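One-letter residues, chain by chain:
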Amino acid sequence: MPASIERIGTMRCGVGESPVWHGGERALYWTDIPNRTLWRWDPSRNHSNAWTLPEMAGCMAMTADGGWLLAMESGLFRATAFVPGMATPVLRRVAKVTHAREGMRFNDGRCDRQGRFWAGTMVMDMSLAADDGQLYRHDANDANDGLTPVLPSLITPNGLAFSPDGRTMYLSDSHPSRQIVWAFDYDIDTGTPSNRRVFVDMTTLPGRPDGAAVDAEGCYWICGNDAGQIHRFTPAGRLDRSLAVPVAKPAMCAFGGDRLDTLYVTSIRTSDAEDPLSGAVFALRPGVPGLPEPMLKP
């Protein structure tokens with residue numbers, strides 16, 4: 001393993017996703033989707049905690065009241081703080097999702113800069129290449145159960161991120177038949193994306209576009225799944241650099257640490273013989289800081 005990359009703990013996730021740095025706790029959270037587990041890592045103590053969830057959680061966001069919002073199989077759930085050493089808090093469903101077919105769940109998602117939550121759904125059997133997924137927006141003050149479908153016909157929505165000023169939204173579809181990252185103009189007042197356009201066509205680059213993050217300079221970092229790389233693109237869509245990680249399937253990246261200058265990377269577990277670190281979580285120093293993760297506003 002390169003000296004600039006540190007492995008976090010010894011856990012190996014089935015599908016490690018949605019890393020979120022909690023600045024107040026100085027801790028990293030993420031979800032292991034198929035194992036229905038939420039993880040917390042405290043770098044100062046070199047210690048991890050885990051909680052079992054009742055459903056698979058594809059992504060999550062901090063809430064302004066000190067709790068969490070989790071996008072799971074049947075909808076969005078609110079939870080109080082996950083306290084080390086204590087049982088999983090009671091989860092309260094705040095928005096029910098009506099899937100287009102059986103075998104779907106939420107996947108990638110996060111809050112915009114104004115505190116609205118966005119998340120996409122997918123058919124879990126990716127071999128079907130079914131475009132029944134949708135991108136949803138959640139606002140605690142919205143009608144219709146607080147969950148609004150915004151963008152249909154997605155296979156595997158991923159790579160959701162927002163520019164530093166919040167006026168550009170990024171979204172990828174990581175399915176092998178698509179491998180596209182789009183950019184949208186984003187109305188920060190209404191939470192409406194428009195002017196959809198291709199930001200990066202990753203069919204010509206190593207890896208499929210998975211989870212992403214935006215740094216303080218406005219550049220877009222995205223995991224190159226299947227290629228063992230994290231790519232950085234400028235706001236113009238130009239490939240700036242690529243960082244190698246010691247696993248084939250990096251899943252999502254997030255900035256964290258006291259100075260937000262550490263890039264945490266989750267991954268997907270594959271063959272133990274061919275990829276013995278797959279499913280692990282890593283910390284990199286990319287040389288540029290990130291931005292604080294937005295919280296869900298009431």
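Read on for a plain summary of the structure. Quantities reported herein were computed from a predicted structural model and do not represent experimental measurements.

**Considerations on the packing of aromatic side chains**
Aromatic rings considered in pairs are described by the distance between their centres and by the relative angle of their planes.
Thinking step 1. Within this structure, the stated rule accounts for 12 aromatic pairs.
Thinking step 2. Between the aromatic rings of tyrosine 29 and tryptophan 68, the centroid separation amounts to 4.5 Å while the plane-to-plane angle is 50°, which identifies the pairing as tilted. Of this pair, tyrosine 29 sits in strand 3 (residues 27-32) while tryptophan 68 sits in strand 7 (residues 68-71), and the two are 39 residues apart along the sequence. In this pair, the class of tyrosine 29 matches that of tryptophan 68, namely buried.

**Considering the nonpolar core**
Within soluble globular proteins, side chains that are nonpolar tend to cluster in buried spots.
Thinking step 1. Core analysis: the largest hydrophobic core is formed by 16 residues, its most contacted members being Leu38, Leu53, Trp68, Leu70 and Phe82.
Thinking step 2. Listed by contribution, the elements that provide at least two residues to this core are strand 3, strand 6 (59-62), strand 7 and strand 8 (75-79).
Thinking step 3. The residues touching leucine 70, leaving out its near neighbours within four places in the chain, are Leu38, Leu53, Ala57, Cys59, Met60, Gly75, Leu76, Phe77, Ala79, Phe82 and Leu91.
Thinking step 4. Judged by nonpolar contacts, the second largest core, of 15 residues, contains Ile5, Val247, Ala280 and Val288.

**Some remarks on the side chain of arginine 105**
Thinking step 1. Tracing the chain through its elements places arginine 105 in strand 10 (residues 104-111).
Thinking step 2. Salt bridges are absent for the buried arginine 105, whose nearest opposite-charge side chain, glutamate 17, sits at 6.9 Å.
Thinking step 3. Of the polar contacts made by the side chain of arginine 105, one reaches the side chain of asparagine 107; its length is 3.1 Å.
Thinking step 4. Setting aside chain neighbours within four positions, we find arginine 105 in contact with Ile33, Met56, Gly58, Met72, Glu73, His99, Gly120, Thr121, Met122 and Met124.

**A few points about the sheet that holds strand 12 (residues 133-138)**
Hydrogen bonds along the backbone pair up the strands of a sheet, which may run parallel or antiparallel.
Thinking step 1. Taken in spatial order, the four strands make up an open sheet running 10-11-12-13, and their pairing is antiparallel. Edge strands, defined here as strands with exactly one partner in the open sheet, are strand 10 and strand 13 (147-154). On average, adjacent strands in this sheet sit at an angle of 25° to one another, irrespective of strand direction.
Thinking step 2. Bridging between strand 11 (residues 117-123) and strand 12 involves four bridges; their strand directions are antiparallel. Residue pairing across strands places alanine 119 opposite tyrosine 136, the latter belonging to strand 12.

So, how was this worked out
Residues numbered from 1 in each chain as written. Predicted model: local features only at pLDDT ≥ 70, side-chain atom pairs only at ≥ 80, totals over all residues. Heavy atoms only, no water. Phe/Tyr/Trp six-rings, centres within 6.5 Å; stacked < 30°, edge-to-face > 60°. Helix = DSSP H or I, 4+ residues; strand = E, 2+ residues; numbered from the N terminus. Buried < 20%, exposed > 50% of the residue type's maximum accessible area, 1.4 Å probe, protein only. Core = buried A, V, L, I, M, F, W, Y, C linked by side-chain atoms within 4.5 Å. Contact = heavy atoms within 4.5 Å. Lys, Arg positive; Asp, Glu negative; His and termini not counted. Salt bridge = Lys/Arg side-chain N within 4 Å of Asp/Glu carboxyl O. Polar contact = N/O pair within 3.5 Å; in protein donor to acceptor, adjacent residues only side chain to side chain. Pairing = 2+ DSSP bridges. Axes fitted to C-alpha atoms, helices over the stretch in contact; angles between N-to-C directions.

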